[in-house]
Amino acid sequence: MTKSPSTLGIILFIATMIIFFVAYYFFSGINYFDISLKINAFILPILYAGGAFWSVKSFWNKNRVVSFKDAFSRAFIPMFIGGILSIFSIYTFLNFVDPDAKKLLNYQYVQRQKTELDTEYQSARKILKHQKDIDELDKKYKERLPSFSPEAIKGKDMLTASHFSGYFAAILIFYVVLSVFFGAFFRTRSVYQETENQE
């Protein structure tokens, strides 16, 4: 069954929001940020790549001649619609419906950065042998610590409209690259078209 790109985009949007709310209701604890990060890094790219593939493949199956533009748009439009609706909805939910979830994500983001800093510091300290280098490392570590103080992180917000815009801009690059790939892969080869015309 062939669905229009916009319909597939709505389906991707609904699937994304289901995943978002599953994480929100069942995993909004001490690992909420890490789980959200893994969802965005692994699950959603596979979901959107699958939706784009389905969109192009179903169109390709029903059309003997498919241009690069057709294949590109069939892949890009569903991802774009699903992505922009999801970004807008998640931003609205975190900023206006449940700000506490937003505060939790921001707090866990800062704590993750602090943990990474501590891990890098401890690893580097084990490797260094000269006291001069160790003292320099200690100095840089202590200089970074104040940036994680309650006063420094107060009001720090990684989920503002400008940040969401930046996230979506990065996601758009993924959409474009994937759409170019599908466009090149599914387009009808010119040699095949010429053979068909001669027959």
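Could you give me a rundown of the overall build of the protein, with the residues and numbers involved?
The helix and strand tally for the protein stands at eight helices and zero strands. Sequence-ordered secondary structure for the protein, helices as α and strands as β, is α-α-α-α-α-α-α-α. Computed over C-alpha atoms, the radius of gyration of the protein comes to 23 Å, more than 25% over the 16 Å expected from 2.2 N^0.38 for 199 residues, which places it beyond the range of a compact globule. Projected onto its principal axes, the C-alpha coordinates of the protein cover approximately 80 × 45 × 25 Å. Taking all 199 residues of the protein together, 33% fall into the buried category. For the protein, the share of sequence-separated contacts (at least 6 apart) that also reach a separation of at least 24 residues comes to 79%. As presented, the protein carries roughly 12700 Å² of accessible surface, and 65% of it is formed by carbon and sulfur atoms. Taken as two groups, the 23 positive and 17 negative side-chain charges of the protein have centres that lie 3 Å from each other.

Residue-level account of the pattern of salt bridges, with values.
Taken as a whole and judged by the stated rule, the model has five salt bridges. When the shortest N-O distance is used, the salt bridge between K102 and D157 registers 2.6 Å. On the criterion of sequence distance, the pair formed by K102 in helix 4 (residues 99-127) and D157 in the loop between helix 6 (150-153) and helix 7 (161-186) is long-range, its members being 55 residues apart. Owing to a relative accessible area of 13%, K102 belongs among the buried residues under this scheme. On the accessibility criterion, D157 (21% relative accessible area) is partly exposed.

Lay out the packing of helix 3 (residues 68-97) against helix 4 with the relevant residues and their values.
Where helix 3 meets helix 4, the axes come as close as 5 Å, and the angle between the chain directions of the two elements is 105°. One way to sum up the angle between helix 3 and helix 4 is to call them roughly perpendicular. Residue-level contacts link L94, N95, F96 and V97 of helix 3 to P99, A101, K102 and L105 of helix 4. Split by residue class, the contact of helix 3 with helix 4 holds six nonpolar, one polar and one charged.

Hey, could you go over the environment of P45 for me, with residue numbers and the actual values?
Assignment of secondary structure puts P45 in helix 2 (residues 32-62). For P45, a relative accessible area of 23% translates into the label partly exposed. Separated by 129 residues in sequence, P45 and F174 have C-alpha atoms that sit 8.6 Å apart. Apart from the residues lying within four places of it in its own chain, the contact partners of P45 are I39, N40 and F174.

How would you explain a nonpolar patch on the surface if you had to name every residue and give the values?
Taken together, I10, I14, I18, V22, Y25, F26, F27, I84 and L85 make up a surface patch of nonpolar side chains, about 870 Å² in accessible area. Elements with a minimum of two residues in the nonpolar patch: helix 1 (5-26) and helix 3. For I18, the location among the structural elements is in helix 1.

How would you sum up the side chain of T16? Please name residues and give values.
The residue T16 is located in helix 1 in this model. If we skip the residues at most four places from it in the chain, T16 touches L44, L47, Y48 and S86.

About the criteria used
Residues numbered from 1 in each chain as written. Predicted model: local features only at pLDDT ≥ 70, side-chain atom pairs only at ≥ 80, totals over all residues. Heavy atoms only, no water. Helix = DSSP H or I, 4+ residues; strand = E, 2+ residues; numbered from the N terminus. Rg over C-alpha atoms; globule rule 2.2 N^0.38 Å. Buried < 20%, exposed > 50% of the residue type's maximum accessible area, 1.4 Å probe, protein only. Contact = heavy atoms within 4.5 Å. Areas by Shrake-Rupley, 256 points an atom, 1.4 Å probe, with all protein chains shown as cover. Lys, Arg positive; Asp, Glu negative; His and termini not counted. Charge placed at Lys NZ, Arg CZ, Asp CG, Glu CD. Salt bridge = Lys/Arg side-chain N within 4 Å of Asp/Glu carboxyl O. Axes fitted to C-alpha atoms, helices over the stretch in contact; angles between N-to-C directions. Parallel < 35°, antiparallel > 145°, perpendicular 65-115°, else oblique. Nonpolar A, V, L, I, M, F, W, Y, C, P; charged D, E, K, R; others polar. Patch = residues over 30% accessible without salt bridge, like charges linked within 9 Å, V, L, I, M, F, W, Y side chains within 5 Å.

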